[in-house]
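Fold and contact review
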Amino acid sequence: MSALPLPQTQESRRSRRAARTVIISAWAVPVLVVGQFAMLAIVPVTLALVATLRHARLRALRRWTAALATAYGLALILWAIGPDRAPSLSKDMHPISAALIIATALATVVAFHADRRGSL
């Protein structure tokens, strides 16, 4: 008797898609910030935050993506309210702020992989 693969439920496919969205977004943020495209990083930050808030299986990542969104949001707010702001967020962002965003994105990636390893 051969072992047939179990049919995937729609919920498991959505959960895997959400997990994939979070990990790709978390990797994209440091790449965009280091590559001087910090303003575009709002897209992966938002995607990661929304995916972790909507899916219960990603509950362990909520605090990490919230920290990432907070770090990025703080840099964005400081750029927006600055008196003599540069034409791009990348030019105006303080190196410590960029390092904080990169560190929280990498912490999200590590937490994602640690959670996956623990669930196997």
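Residues numbered from 1 in each chain as written. Predicted model: local features only at pLDDT ≥ 70, side-chain atom pairs only at ≥ 80, totals over all residues. Heavy atoms only, no water.

So, on to the overall build of the protein chain. Helices and strands together make up the secondary structure of the protein chain, namely 5 helices and 0 strands. Starting at the N terminus and walking to the C terminus, you meet the elements of the protein chain as α-α-α-α-α. The 120 residues of the protein chain split such that 34% are buried. Look at the contacts in the protein chain between residues 6 or more apart in sequence, and 64% of them connect residues 24 or more apart. Just so you have it, the protein chain exposes about 8000 Å², and 66% of that area is on carbon and sulfur atoms. (Helix = DSSP H or I, 4+ residues; strand = E, 2+ residues; numbered from the N terminus. Buried < 20%, exposed > 50% of the residue type's maximum accessible area, 1.4 Å probe, protein only. Contact = heavy atoms within 4.5 Å. Areas by Shrake-Rupley, 256 points an atom, 1.4 Å probe, with all protein chains shown as cover.)

With that settled, consider helix α2 (residues 42–54). Given a rise of 1.5 Å per residue, 13 residues ought to cover 18 Å, and the 18 Å separating the end C-alpha atoms of α2 matches this to within 8%. Of the residues making up α2, those classed as buried are P44, V45, A48, A51 and T52. Down the axis, α2 shows its buried residues gathered within 140° of arc, on one side only. Set apart from the buried face of α2 by more than 90 degrees, the exposed residues are L53 and R54. (Expected span 1.5 Å × (residues − 1). Arc of directions from axis to C-beta.)

The next subject is the environment of A60. Here A60 lies in the loop between α2 and α3 (62–81). A relative accessible area of 45% means that A60 is categorised as partly exposed.

Now for the confidence of the model for the protein chain. Taken residue by residue, the protein chain gives an average pLDDT of 86. The fraction at 70 or more is 88%. Mean pLDDT across the elements of the protein chain ranges from a minimum in helix α1 (residues 10–34), with 85, to a maximum in α2, with 94. (pLDDT = per-residue confidence, 0-100.)

Residue position: L49 is located in helix α2. With 12 residues separating them in the primary sequence, L49 and L61 have C-alpha atoms 9.1 Å apart. Other than its neighbours up to four places away in sequence, L49 contacts T65, A66 and A69.

A separate point is the packing of α2 against α3. At a closest axis distance of 9 Å, the pairing of α2 and α3 adopts a crossing angle of 150°. In terms of orientation, α2 lies roughly antiparallel with respect to α3. Both α2 and α3 take part in a crossing whose hand is left-handed. Along the contact surface, α2 presents I42, V45, A48, L49, T52 and L53, while α3 presents R62, T65, A66, L68, A69, Y72 and L76. Taken together, the residues that form the contact of α2 with α3 break down as 10 nonpolar, 2 polar and 1 charged. (Axes fitted to C-alpha atoms, helices over the stretch in contact; angles between N-to-C directions. Parallel < 35°, antiparallel > 145°, perpendicular 65-115°, else oblique. Left-handed = near helix turned anticlockwise from the far one by under 90°. Nonpolar A, V, L, I, M, F, W, Y, C, P; charged D, E, K, R; others polar.)

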